[in-house]
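Letter by letter, the chains look like this.
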Amino acid sequence: MATLRKPYVVSRPVYSEDGLAEDHGKIYRPHKTILDHVIQYLTCDSKRAKNTALSLLPIIGWMKIYRLREWLLGDVMSGISTGLVAIMQGLAFSLLASLPASYGLYTAFFPVLTYFFLGTSRHISVGSFPVLSLMVGTVVTRLVPDVGPPANITGLEGLTRDQQRVIVASSLTFLMGIFQLAMGLLQVGFIVVYLSDTLVSGFTTAAAVHILVSQLKFVLGLEVEGISGPLSIFYTLEKIFIQISATNICDLVMSILIMAAVFVVKELNDLYKAKLLVPIPIEAIMTVIACLVSYLANFEDRYDVVIVGKMISGYESPVAPNLGVFKESAVEAFPIAIVGFAVGFSVAKVYAIKHDYTIDGNQELIAFGVSNIFGASFKSFAASTALSRTAIQESSGGKTQIAGLISALMAMVVTLALGFLLEPLPRSVLGALVIVNLKGMLMQVRDIVYLWRRDKTECVVWVGTFVAAVVLGLDLGPVQVVWVGTFVAAVVLGLDLGLAVGLGVELLMVVFRTQFPRCSVLANIPGTDLYRDRKDYMHMFELQGVKIFRIPSPIFFANIEFFRNKLEQAVGFNPLRVLRKRNKVLRKTKKMMERTGHRLAKSPELEDEIAMEDLDFDNKFETTDNKDVPFWIDLNAQTPTIINIPKADIHSLILDFSAVSFLDISALKGLKTTFKEFIRIEVDVYIVSCDVYIIEKLHDNMFFDDEIQTSMFFPTLHDAMLHVLEKHKNDKREGRMLTGTQM
């Protein structure tokens, strides 16, 4: 059946930009100079001083709202559970850094103390991270190899190999912290967005392969010297296979049993996490059992098992970093700083969205920088966060960083009083714990199939990053991998150095303009079908209940969050928070009406209740965790007068995509989440002037469903506006009556 289409005719002069400005009063707005921005940045008043203090000490903000009776018990239980895992991982990851096990406990203690005051995330567990530990270990073994003399660095003379390695690791961590602190003070936290999800996934998967290979010597009980640099993974495997006949059977059997037990219990923890009060601390349990069996059976003397050995009791005095190590490791320290921040910020953002609070990327850089500088002064090594520890801290009831502080205190107790109990622990047990914790990173290899089906270009990026990191080694880091590719291309093409530098600057400018485009809210020029920025003309018309938003750039992983933030500013509210408030009101209304024997009215076309988690498409855009809450509410439902259901200020949102030339996977996920958030609070979303290629890509990636349909796309902005006028011309609901239209 043919759809009835109403014709429309517009009669207006043919305007040039000059004629349009003359007839409709073009406003020429003065733009601030660089000096104006500098003066504004340096100007200080009492309000700005207060805001600065609050931003530098986020603890003030969340301590003011701390619910002592409701949250303290959960924080204590969470801190104990997380502390057990942090202690075990600290011991295990110290092997990756080629350091004595005691210093892993330092990393589980000192960085947490400063992050408690300076960090904006309330849920991440600060401490060792396997990828960072391995990157530090690569530098350590390069400067202080297992065989041969150390690098010619002043200050390492007369020290044992372990002491030399501790100085190298702590100095490298100190320099890493300086880089992070400097980037935070310079407000360049946005730099992390240039490490796309695809690149980070490929790099961390390659790192997991390196970690796996590095731990084989402990699991097999072999003496294999540490090797760094390109092709190091293959040289290490060669040495392992040459000595494979010398495998220590006791180490191997013990490692296999521990890996099997930990793997099975972790799977059970995931399967029954809704029923378990806290996850079973299987790493701690197996460590205690292994220590006890090793001590009673005298594994060290009877089976030649290498044990952890002497544990340092107490803490050493703070020491200054070695400047010679700075000189030798500056190239590696920068990518370690970037990777550490990228991992920490990504995990923090997931839980900030889930629990509805904000985090500041620049303040996180400052927090991690100060934490690593402070920790390095007491000989700890690089700290960030680990997803597994953070998941335990959050799922076991942790609400704030008080849980992290308690986990740090547990590490302190072990260091001061209980460390000697860990001395009989076989190193193969720690290696087994490291390997079994690599499951999540190794399973990222499945991304290849997903990316190949959805976006072959990003699949090439993943594979290229993975292969480069595996073959060239982690000491290059993801930033250097990109640089090496650029350098090789320049050499092959024979580009002049000056031309290459100029081209680099030009590309950098393009990147900045694309990442931070000038978004605008459009309005109608009366009597025409033209729409311009509402700030540019004196005589403009905005239809009540309709918002027109324009982004003049492609949308991709580096600017999707910028787009979402600007869109929320344009409409004047956060749709997800409106939805949460409505659901909260609905729950109260349900309880009230159940007590009075009434039933709450719902939209008749929706019978099933769908939880708000349906808005979640991946961890990056995770929304919330409100179960058994319907996603749609009839605003006309009869509710008690004391119940005030939050309403959106608009009924229609029109997005002008005329300047959007492409979308990537991250943008598709972000847009789908955003559209559903608006649709579920009864705000119609329309897309206008969208490129045919983009629409085809939306179809290929299964973007459309029962809520997001092809009928929301219009060829021109005016078509969409006329459709909105027709749809809502008889809408009498509060705030939605269209009056005084001038089109």
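What counts, and at which threshold
- Residues numbered from 1 in each chain as written.
- Predicted model: local features only at pLDDT ≥ 70, side-chain atom pairs only at ≥ 80, totals over all residues.
- Heavy atoms only, no water.
- Helix = DSSP H or I, 4+ residues; strand = E, 2+ residues; numbered from the N terminus.
- Expected span 1.5 Å × (residues − 1).
- Salt bridge = Lys/Arg side-chain N within 4 Å of Asp/Glu carboxyl O.
- Buried < 20%, exposed > 50% of the residue type's maximum accessible area, 1.4 Å probe, protein only.
- Axes fitted to C-alpha atoms, helices over the stretch in contact; angles between N-to-C directions.
- Parallel < 35°, antiparallel > 145°, perpendicular 65-115°, else oblique.
- Left-handed = near helix turned anticlockwise from the far one by under 90°.
- Contact = heavy atoms within 4.5 Å.
- Polar contact = N/O pair within 3.5 Å; in protein donor to acceptor, adjacent residues only side chain to side chain.
- Patch = residues over 30% accessible without salt bridge, like charges linked within 9 Å, V, L, I, M, F, W, Y side chains within 5 Å.
- Areas by Shrake-Rupley, 256 points an atom, 1.4 Å probe, with all protein chains shown as cover.
- Pairing = 2+ DSSP bridges.
- Core = buried A, V, L, I, M, F, W, Y, C linked by side-chain atoms within 4.5 Å.
- Phe/Tyr/Trp six-rings, centres within 6.5 Å; stacked < 30°, edge-to-face > 60°.
- Lys NZ or Arg CZ within 6 Å of the ring centre and 35° of its normal.
- Nonpolar A, V, L, I, M, F, W, Y, C, P; charged D, E, K, R; others polar.

What follows covers helix H9 (residues 161–185). Here H9 spans 36 Å end to end across 25 residues, near enough to the 36 Å set by a 1.5 Å rise per residue. One or two positions beyond H9, positive phi appears at Gln-187, with a value near 60°.

This part is about the pattern of salt bridges. Summed over all chains, the structure comprises 18 salt bridges. Where Arg-550 meets Asp-656, a salt bridge forms, and the shortest distance between an N and an O atom there is 3.5 Å. Here Arg-550 is found in strand E5 (residues 546–550), whereas its partner Asp-656 is found in strand E6 (residues 652–656), with 106 residues between them in sequence. Overall, Arg-550 belongs to the partly exposed group, its relative accessible area being 25%. Relative accessible area serves as the criterion here: at 7%, Asp-656 is assigned to the buried category.

Where helix H8 (residues 130–143) meets H9, the closest approach of the two axes is 9 Å, and the angle between their N-to-C directions is 125°. Taken together, the axis directions place H8 and H9 in an arrangement best described as oblique. By crossing handedness, the relation of H8 to H9 is classed as right-handed. Here Leu-132, Val-136, Val-139, Val-140, Thr-141 and Leu-143 of H8 lie close against H9, whose contacting residues are Arg-165, Val-168, Ala-169, Leu-172 and Met-176.

Now for the side chain of His-651. Position of His-651 relative to the elements: it lies in the loop between helix H26 (575–596) and E6. Within polar-contact distance, the side chain of His-651 engages the side chain of His-728 at 3.4 Å.

A separate point is a nonpolar patch on the surface. Together, Phe-263, Val-264, Leu-268, Leu-271, Tyr-272, Leu-276, Ile-280, Ile-285, Ile-289 and Val-293 make up an exposed nonpolar region whose accessible area comes to about 840 Å². Turning to its location among the elements, Val-293 is positioned in helix H13 (residues 282–297).

Bringing the side chain of Ser-214 into the picture now. Here Ser-214 shows up in helix H10 (residues 197–220). Here Gln-215 takes part through its side chain, which lies 3.2 Å from a polar atom of the side chain of Ser-214.

What follows covers the sheet that holds E6. A sheet is described by the order of its strands in space; here 6 strands give the open sequence E4-E3-E5-E6-E7-E8, paired in mixed fashion. The open sheet has two edge strands, strand E4 (531–533) and strand E8 (713–714), and neither has a second partner. When E5 meets E6, the two strands line up parallel, connected through 5 bridges. Each bridged residue has a counterpart across the sheet, and for Val-546 the counterpart in E6 is Ser-652. In this fold helix H27 (residues 665–679) packs onto E6 and strand E7 (684–688), with an angle of close to 140° to the strand it touches most, E7.

A separate point is unusual backbone geometry. Phi is positive for Asn-298, close to 55°, though the residue is something other than glycine. Within the element layout of this structure, Asn-298 appears in the loop between H13 and helix H14 (299–302). Judged by its relative accessible area of 33%, Asn-298 falls in the partly exposed class. The residue Met-702 is not glycine, and still its phi comes out positive at about 55°. Counting through the fold element by element, Met-702 comes out in the loop between helix H28 (692–700) and E8. By relative accessible area, Met-702 is classed as exposed at 54%.

For a regular strand, the rule is simple: side chains alternate between the two faces of the sheet. Most of strand E3 (residues 520–524) is tucked away, with 5 of its 5 residues classed as buried. Bridging between E3 and E5 involves 3 bridges; their strand directions are antiparallel. Paired with Ser-520 across the strands is Arg-550, a residue of E5. Note: E3 against E4, 3 bridges, orientation antiparallel. Looking across to E4, one finds that Asn-524 is bridged to Tyr-531. The hairpin turn running from E3 into E4, its antiparallel successor, is 6 residues long, and Gly-527 in that turn takes a positive phi close to 85°.

Among the nonpolar cores identified, the biggest contains 108 residues, and Ile-87, Leu-91, Val-131, Leu-132, Val-136 and Ile-258 are the most heavily contacted of them. No other element matches the 15 residues that helix H15 (residues 323–354) contributes to this core. Apart from residues no more than four positions distant in its own chain, Leu-91 is found in contact with Ala-101, Gly-104, Leu-105, Met-311, Leu-422 and Leu-430. By size, the runner-up hydrophobic cluster in this structure holds 38 residues, among which are Cys-519, Phe-573, Leu-653 and Ala-667.

So, on to the packing of aromatic side chains. Under the counting rule described, the total for this entry stands at 27 aromatic pairs. Ring geometry for Phe-116 versus Phe-117: centroids 5.1 Å apart, planes at 90°, classification edge-to-face. Phe-117 sits in the partly exposed class, given a relative accessible area of 42%. Between the aromatic rings of Phe-556 and Phe-557, the centroid separation amounts to 5.7 Å while the plane-to-plane angle is 85°, which identifies the pairing as edge-to-face. On the basis of relative accessible area, Phe-557 is assigned to the partly exposed category, the value being 23%. Put simply, the rings of Tyr-103, Tyr-106, Phe-109, Phe-110, Tyr-315, Phe-374 and Phe-378 pair up and form one aromatic cluster. Stacked on the ring of Tyr-357, the Lys or Arg Arg-122 has its end atom at 4.4 Å from the ring centre.

The next point concerns the packing of H10 against helix H11 (residues 232–242). Closest axis-to-axis distance for the H10/H11 pair is 10 Å, and the angle between their directions is 20°. With respect to H11, the axis of H10 lies roughly parallel. Here the hand of the crossing between H10 and H11 comes out left-handed. For the pair H10 and H11, contact is made by Val-209, His-210, Val-213, Leu-216, Lys-217 and Leu-220 and by Ser-232, Ile-233, Thr-236, Leu-237 and Ile-240, respectively. Classifying every residue of the contact of H10 with H11 by side-chain character gives 7 nonpolar, 3 polar and 1 charged.

The values are spatial; any link to function lies outside them.
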